[in-house]
Amino acid sequence: MDIRRRNNVTVTGRPDGPVVVLAHGFGCDQNMWRLMAPSLTASYRVVLFDYVGSGRADLSAWDESRYGSLDGYAADVLEICEELGLRDVTFVGHSVSAMVGVLAAAKAPERISRLVMVAPSPRYIDDEDYRGGFSAEDIGELLESLDSNYLGWSAAMAPVIMGNADRPELGEELTASFCATDPDMARVFARTTFLSDSRQDLKTVTVPTLVLECRQDVIAPREVGAYVHAAIPGSRLVTLEATGHCPQLSAPEATAEAVIDFIGAAR
C-alpha cells in the first residue's frame, strides 16, 4: 500500500530539521494547521497528513473495524513514520489526536520522543469525580443528531466547537471541513472519539509532554487540561489566551510559540 497516498502525506519545511508531525482531530484535515505551520517550517521538518476518512486521504483504504478504535488511527501515524523513516519526532495532536499520540508513543517510543497535546480530552463523558464536560445523555443526543442529519449537525455544532462568535469566519471554516467529510465515516470517527476513555493510557506516557489548553473551551474544559497534566508526571501545562477548541486557527502564533518553546526546552 502507498502510505503517502493513503494518508495524503505532505512534507514541508527544513529537510534536515527536527521533525514535527501535525495531526488533526475529528471532522478536520491537515488544512487546519495552515496558519500555524509557517511558524514551524523555517526551523523544522513538518509532516502533515489526513486520517483515512478525512480530507484527501484515500477513501478506498477505509476499514470500519480498523477505524472504530483509536488504535487504528495510531497505526496510521506509526506507518507514516515508518514510511518516511522518522525518528525522534515531536507529535502535535489536536483534540482526539492527542490521545492517538499517546497510543503511538507507547507502541514506538523510539519514533515519538515528545508529545504536544492541543486541547486534549481522555474522556468526554463525566464520570464520578472526573469532569469531561458532557453527560452520557449529552453525548447520546449528540451522536443521535449526527446520525440523523450530519450536515445539519455540522452546521449547528461547528461554530460552538470553534467558539469565537465575534469571528464567524472561523466557525464557517470548521463547518465546511465537517461537511466535506464522508458522513458514514464521520459517524464512526465520532463514536470512536466521543465514547472513548483513554484515562488509563495517560499512565503509559514517559516522553516529555506539553499540554496546551484554551482559556475557554466547551469541548475540553480546563478541568480536563488539569487532569491530563496531573496524570502525566513531568508534563508542562500551558493555558493559551484563546477561546474555543481550535487554537491553531484562532491563535496560531501563540500556539506555534508554545510548541517551539517546548521543543527547545525538551531537546
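Everything here concerns the structure above.
Asker: In this structure, what is going on with the nonpolar core? I would like to understand it.
Answerer: Looking at soluble globular proteins, one finds that nonpolar side chains tend to be buried together. Core analysis: the largest hydrophobic core is formed by 68 residues, its most contacted members being F26, V77, M117, L174 and F178. Listed in part, the 23 residues of the second largest apolar core include Y44, L212, A258 and F262.

Asker: Before we go on, may I ask you to explain the layout of surface pockets in this structure?
Answerer: To find leftover empty space, one rolls a probe the size of a water molecule over the atoms. Put simply, the largest pocket is a space of about 170 Å³. Counted by class, the lining of the largest pocket contains 3 nonpolar, 4 polar and 4 charged residues.

Asker: Is there a simple way to explain the pairing of strand β3 (residues 45–48) in this structure?
Answerer: As a general feature of sheets, a regular strand has side chains that alternate between the two faces. Sheet topology places strand β1 (residues 10–13) next to β3; 4 bridges connect them, and they run antiparallel. By the bridge assignment, V11 is partnered in β3 with V47. Two strands pair when backbone bridges link them, and strand β2 (residues 19–23) and β3 are joined in this way by 4 bridges, in the parallel orientation. Note on β3: the bridge partner recorded for V19 is R45.

Asker: Honestly, the sheet that holds strand β5 (residues 112–118) in this entry has me stumped. Any pointers?
Answerer: Sheets are built from strands that pair by backbone hydrogen bonding, the pairs being arranged parallel or antiparallel. Spatial strand order, β1-β3-β2-β4-β5-β6-β7: 7 strands in an open sheet with mixed pairing. Each edge of the open sheet is held by one strand with a lone partner, namely β1 and β7 (236–243). Sheet twist, expressed as the mean angle between neighbouring strand axes with direction ignored, is 20°. Of the strands in this sheet, β5, β6 (209–216) and β7 are in contact with helix α10 (residues 222–231), which crosses β6 at around 165°.

Asker: Please clarify how the packing of aromatic side chains should be interpreted in this entry.
Answerer: Aromatic ring pairs are reported here in terms of the distance separating the ring centres and the angle at which the planes meet. Using the criterion set out here, one finds 14 aromatic pairs in the structure. Both rings, one in Y51 and one in Y73, keep their centres 5.2 Å apart while their planes meet at 90°; by these two values the pair is edge-to-face. Residue Y51 is found in the loop between β3 and α3 (64–67), and its partner Y73 is found in helix α4 (residues 70–84); the two are separated by 22 residues along the sequence. Centre to centre, the rings of W62 and Y67 are 5.3 Å apart; their planes meet at 15°, and the pair counts as stacked.

Asker: Please clarify how the pairing of β5 should be interpreted in this entry.
Answerer: With 7 of its 7 residues buried, β5 lies for the most part within the structure. With 6 bridges joining them, strand β4 (residues 89–94) and β5 adopt parallel strand pairing. Residue pairing for β5: G93 is matched across the bridge by M117. Once you follow β4 into helix α5 (residues 96–107) and on to β5, the crossover reads as right-handed. Bridging between β5 and β6 involves 4 bridges; their strand directions are parallel. Counterpart to V118 in the pairing with β6 is L212.

Criteria and thresholds
- Residues numbered from 1 in each chain as written.
- Predicted model: local features only at pLDDT ≥ 70, side-chain atom pairs only at ≥ 80, totals over all residues.
- Heavy atoms only, no water.
- Core = buried A, V, L, I, M, F, W, Y, C linked by side-chain atoms within 4.5 Å.
- Buried < 20%, exposed > 50% of the residue type's maximum accessible area, 1.4 Å probe, protein only.
- 1 Å grid on protein atoms, 1.4 Å probe; cavity = no way out; pocket = protein on both sides within 12 Å on 5 of 7 lines; lining within 4 Å.
- Points joined across faces, edges and corners; volume = space filled by probe spheres on them.
- Nonpolar A, V, L, I, M, F, W, Y, C, P; charged D, E, K, R; others polar.
- Pairing = 2+ DSSP bridges.
- Helix = DSSP H or I, 4+ residues; strand = E, 2+ residues; numbered from the N terminus.
- Axes fitted to C-alpha atoms, helices over the stretch in contact; angles between N-to-C directions.
- Contact = heavy atoms within 4.5 Å.
- Phe/Tyr/Trp six-rings, centres within 6.5 Å; stacked < 30°, edge-to-face > 60°.
- Right-handed = clockwise from strand over helix to strand, strands pointing away.

Geometric descriptors of this kind do not, in isolation, establish any biological role.
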